[in-house]
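Chain by chain, the residues run as shown.
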Amino acid sequence: MYTLYYYPSNASSAPHMLLEELGVPYQLVLVDRKVNAQKSPEYLKLNPNGRIPTLTDGPVVIFESAAILLYLVDKHPEKGFAPAVGTAERGHFYQWLVFLTNSLQEAMMNWFYPERLANNNEAAMASIKAGAQTRANMFFAVIEQHLVANGPFFLGKKLSAVDLYLTMICHWAHRRGLVPPPRSHQAISRLLDTIINRPAIKKAFTDEGLTTDNIA
Ligand SMILES: N[C@@H](CCC(=O)N[C@@H](CS)C(=O)NCC(=O)O)C(=O)O
């Protein structure tokens, strides 16, 4: 059985949504950030970065949310959350997932936590935050343009794990008040409506103690 080490609304959220969508057995283990449990010696053995999430599958341990999605879609190819390996669609699936985790997620992290890069210098923090917001918005605009031309989902008519990853990041943007909100983009907004109304997604959010109204 899979075990997902999570904290509500953290980067565990996309793996959690995917586990629910796949309908496979799994358990959740809370890593309590309120007491810095992600830096405990036990957790660091699983994830030496001390970050959430981590997935275990028997003896297999995987960290990085996008890697967890890739692992899970490959373990359950019949569920159709990623195109077949070796196809053009699979290439685009990799492209968008890596873009979301490497470019958009990183910009969002710098926007949330500018102090990590600014050595607690107030002026540097404000500047990093403003730059990261501009960068995140530029990436949201690229996504919107892609969805308008090729949507409603990243891979056209077929929902995939990439759409769940975008939902997670839009949820963060919503909670933290990114300006303008991702929902100011119509195609992104339509995609979010479709995703958050799916029963599996509602269950994942409810199980994290979040209301399903307005999660993104
Ligand atoms: N790129 C990583 C980011 C993981 C990450 O930064 N997680 C945050 C929560 S969203 C965390 O654990 N922060 C606590 C810390 O850095 O101490 C992933 O997607 O798994």
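This structure is a prediction, so every number in the text was calculated from the model and none was measured.

Enquirer: Report on the domain arrangement of the protein chain, specifying residues and quantitative values.
Expert: The domain boundaries assigned to the protein chain delineate domain 1 (2-79) and domain 2 (88-198). Between the C-alpha centres of domain 1 and domain 2 there is a distance of 20 Å. Between domain 1 and domain 2, the residue contacts involve 16 residues of the former and 17 residues of the latter. Summed over both partners, the interface of domain 1 with domain 2 buries about 1,400 Å², with 61% contributed by carbon and sulfur atoms. For the pair domain 1 and domain 2, the interface holds 2 salt bridges. Arg198 is the salt-bridge partner of Glu21, the closest N and O atoms lying 2.7 Å from each other. Linking domain 1 with domain 2 are 7 residue pairs in polar contact (both at pLDDT 80 or more). Of all the secondary structure elements, the ones that give two or more residues to the side of domain 1 that touches domain 2 are helix 1 (13-22) and helix 3 (65-75). A total of 6 residues in the side of domain 1 that touches domain 2 trace back to one element, the largest contributor, which is helix 3. Here the side of domain 1 that touches domain 2 is composed, by residue class, of 8 nonpolar, 4 polar and 4 charged.

Enquirer: Quick rundown of the site of the ligand? Include the residues and the values.
Expert: If you check the shell around the ligand, you find 15 residues, and the closest are Arg51, Ile52, Glu64, Ser65 and Gln105. With respect to the ligand, the backbone of Ile52 contributes an N or O atom lying 2.7 Å from an oxygen atom. Considered on its own, the ligand offers 510 Å² of accessible surface; in the complex 92% of this is hidden by protein. Of the residues in the shell around the ligand, the class split is 5 nonpolar, 5 polar and 5 charged. A domain-level breakdown of the shell around the ligand finds at least three residues from each of domain 1 (2-79) and domain 2 (88-198).

Enquirer: How would you explain the layout of surface pockets if you had to name every residue and give the values?
Expert: Approximately 590 Å³ is the volume attributed to the largest pocket. Residue lining of the largest pocket: 27 residues in total, with Asn10, Ala11, Arg33, Met109 and Tyr113 positioned closest to the centre. Elements supplying a minimum of two residues to the lining of the largest pocket: helix 4 (88-112) and helix 7 (161-176). Per element, the largest residue contribution to the lining of the largest pocket is 4 residues, and it comes from helix 4. Both domains that furnish three or more residues to the lining of the largest pocket are identified here as domain 1 (2-79) and domain 2 (88-198).

Enquirer: So what's going on with the packing of aromatic side chains? Residues and values would help.
Expert: Applying the stated criterion across every chain, the model contains 8 aromatic pairs. An angle of 85° between the planes, with centres 5.5 Å apart, marks the rings of Trp96 and Phe99 as edge-to-face. Here Phe99 and Trp96 lie together in helix 4, a separation of 3 residues that amounts to about one turn. For the pair shown, Trp96 and Phe99 are each scored as buried. Where Trp111 meets Phe112, the ring centres are 5.5 Å apart and the plane angle is 45°; that geometry is what we call tilted. Accessibility assignment for this pair places Trp111 and Phe112 in one class, buried. Taken together, Trp96, Phe99, Phe139 and Phe154 form an aromatic cluster joined through their ring pairs. Its end group placed over the ring of Tyr113, Arg116 keeps NZ or CZ at 3.9 Å from the ring centre. The ring centre of Phe112 lies 4.4 Å from the NZ or CZ of Arg176, which sits over that ring.

Enquirer: Residue-level account of the environment of Ile52, with values.
Expert: You can see Ile52 is positioned in the loop between helix 2 (41-46) and strand 3 (54-57). The buried category is assigned to Ile52, whose relative accessible area is 11%. With 39 residues separating them along the chain, Ile52 and Ser13 place their C-alpha atoms 9.7 Å apart. Not counting residues up to four positions away in its chain, the partners in contact with Ile52 are Tyr5, Tyr6, Tyr7, Asn10, Ala11, Ser12, Val31, Arg33, Gln38 and Tyr43.

Rules used in this analysis
Residues numbered from 1 in each chain as written. Predicted model: local features only at pLDDT ≥ 70, side-chain atom pairs only at ≥ 80, totals over all residues. Heavy atoms only, no water. Domains from an automatic or database assignment. Contact = heavy atoms within 4.5 Å. Buried area = accessible area lost by both parts, 1.4 Å probe. Salt bridge = Lys/Arg side-chain N within 4 Å of Asp/Glu carboxyl O. Polar contact = N/O pair within 3.5 Å; in protein donor to acceptor, adjacent residues only side chain to side chain. Helix = DSSP H or I, 4+ residues; strand = E, 2+ residues; numbered from the N terminus. Nonpolar A, V, L, I, M, F, W, Y, C, P; charged D, E, K, R; others polar. Near = heavy atom within 4 Å. Areas by Shrake-Rupley, 256 points an atom, 1.4 Å probe, with all protein chains shown as cover. 1 Å grid on protein atoms, 1.4 Å probe; cavity = no way out; pocket = protein on both sides within 12 Å on 5 of 7 lines; lining within 4 Å. Points joined across faces, edges and corners; volume = space filled by probe spheres on them. Phe/Tyr/Trp six-rings, centres within 6.5 Å; stacked < 30°, edge-to-face > 60°. Buried < 20%, exposed > 50% of the residue type's maximum accessible area, 1.4 Å probe, protein only. Lys NZ or Arg CZ within 6 Å of the ring centre and 35° of its normal.

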